[in-house]
Amino acid sequence: MVSSSIPTVDLSPFFTVGDEDGKQKARDLINQACSEYGFFQIVNHGVPIDLMNRAMKLSKTFFQNPAEEKIKSSPDSGAPLPAGYSKQPDHSADKNEYLLMFSPGSSFNVFPSNPSEFREVLEEIFTYFGKTGQLVESIISDCLYLPPNFLKEYNGDRSWDFMVAMNYFPATESENNGVSEHEDANCITFVLQDEVGGLEVQKNGQWIPVIPNEETLVVNISDVIQVLSNNKFKSATHRVVRPKARCRNSYAFFYNLQGDKWVEPLPQFTKEIGEPPKYRGFYYKDYQALRMRNKTHPPSKPEDAINITHYAIST
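Calculation rules
- Residues numbered from 1 in each chain as written.
- Predicted model: local features only at pLDDT ≥ 70, side-chain atom pairs only at ≥ 80, totals over all residues.
- Heavy atoms only, no water.
- Pairing = 2+ DSSP bridges.
- Helix = DSSP H or I, 4+ residues; strand = E, 2+ residues; numbered from the N terminus.
- Axes fitted to C-alpha atoms, helices over the stretch in contact; angles between N-to-C directions.
- Parallel < 35°, antiparallel > 145°, perpendicular 65-115°, else oblique.
- Left-handed = near helix turned anticlockwise from the far one by under 90°.
- Contact = heavy atoms within 4.5 Å.
- Nonpolar A, V, L, I, M, F, W, Y, C, P; charged D, E, K, R; others polar.
- Buried < 20%, exposed > 50% of the residue type's maximum accessible area, 1.4 Å probe, protein only.

**Student:** Explanation requested: the sheet that holds strand 8 (residues 199-203) in the structure shown.
**Tutor:** Either a parallel or an antiparallel arrangement is found when strands of a sheet pair, and the pairing is made through backbone hydrogen bonds. Ordered by their spatial adjacency, 4 strands build an open sheet running 6-11-8-9, and the pairing between neighbours is antiparallel. For this open sheet the edge positions go to strand 6 (177-182) and strand 9 (206-209), each flanked by a neighbour on one side alone. Averaged over all pairs of adjacent strands, the angle between their axes in this sheet comes to 30°, without regard to strand direction.

Here it is, written out as structure tokens:
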């Protein structure tokens, strides 16, 4: 473990008129973080702090319910991901339970009735996270010197965004894995973690703990951005380590890509600069299906899990 930290970026200049120096400072920090290891934190991001606190409190209340209450919100069949309450299979290396939802109004959503106000808060914070995703996406687009609104137009369908409230069980004497080392498959992920912590990011082969702060959201760049940028920006490698004697709670919002979208390195990072593409193209829904299979049918060896190297071009 190293005594380091990931950069914290103040997004307040993007909510005011005229602070171009503040905007450029934020872009520079994000550009450096995304180029090196794909992680940063944001403050003054537009999501109300009291809403974040209420959402966390209600999530803890829900997961403290008995199992028979939680399974009332089990997923219906037919959803592209298991919306509603689920628990990791016993044979999974990941030890957590979670509540997944798509955008408010989605017919796939299955909401708990206990606590009664949980649905309203989930839908409200989901909407705020989506707006934050659009802002950060636009900043990343600028950092990559893409044409104005390029990523917004490429990724304009928000129907595949989803959010997960998670509860991690206390570590045992023999193991403390919450979520195994991985990179996210989507575009950008936002994480709100409680005071327990446990999120760690890999940088230069070492694990850096992400210290919780109630005003902060953690941001990590994911596989789609890495492929589009032809490895200019890195998909963040991270894991969750469970503490002893305490549950860990968090929210993860996955700013996603519509499944029928074709993903491949953009010409701005390949033929226009004389660089060979590092990935072959694919439909996003195909990749997400492979990643879901990692969860539903965990391979016997962790190294056999599918990740973005499945599409890498050998050089």
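**Student:** Can you walk me through the packing of helix 2 (residues 49-63) against helix 4 (residues 118-143) in this structure?
**Tutor:** Axes are the key here: two packed helices are described by the angle between their axes and the distance separating the axes. As a packed pair, helix 2 and helix 4 sit with axes 10 Å apart at the nearest point and diverge in direction by 135°. Our classification of the angle between helix 2 and helix 4 gives oblique. The interaxial crossing formed by helix 2 with helix 4 has left-handed handedness. Across the interface between the two elements, Leu51, Met52, Arg54, Ala55, Leu58, Ser59 and Phe62 from helix 2 touch Phe118, Val121, Glu124, Ile125 and Tyr128 from helix 4. Its residues assigned to classes, the contact of helix 2 with helix 4 shows 9 nonpolar, 1 polar and 2 charged.

**Student:** What is the right way to read the sheet that holds strand 12 (residues 248-255) from this model?
**Tutor:** Strand order across the open sheet formed by 8 strands is 1-2-10-7-12-5-4-3, with mixed pairing between neighbours. Only two strands of the sheet have a single partner each, and these edge strands are strand 1 (8-10) and strand 3 (84-87). For this sheet, the mean angle separating the axes of adjacent strands, direction not counted, is 25°. Bridge count for strand 4 (residues 96-102) against strand 5 (residues 162-168) is 7 bridges, and the pairing is antiparallel. Residue Phe102 lies in a different strand from strand 5, and its bridge partner there is Phe162. Here helix 2 sits on the sheet in contact with strand 3, strand 4, strand 5, strand 7 (188-193), strand 10 (217-221) and strand 12, set at roughly 120° to strand 12.

**Student:** How should I be thinking about the environment of Gly84 in this particular structure?
**Tutor:** Checked against the element boundaries, Gly84 lands in strand 3. C-alpha of Gly84 to C-alpha of Leu99: the two residues are 15 residues apart in sequence and 5.1 Å apart in space. In this view, Gly84 contacts Ser73, Tyr98, Leu99, Leu100 and Val110; residues no more than four positions away in its chain are not counted.

**Student:** How should I be thinking about the pairing of strand 4 in this particular structure?
**Tutor:** Looking down a regular strand, the side chains alternate between one sheet face and the other. The buried fraction of strand 4 is high, at 7 of 7 residues. Because side chains alternate across strand 4, one face comprises the buried residues Asn96, Tyr98, Leu100 and Phe102, and the other comprises Glu97, Leu99 and Met101, equally buried. Note that strand 3 and strand 4 share 4 bridges and pair antiparallel. Bridging across to strand 4, Gly84 finds its partner in Leu100.

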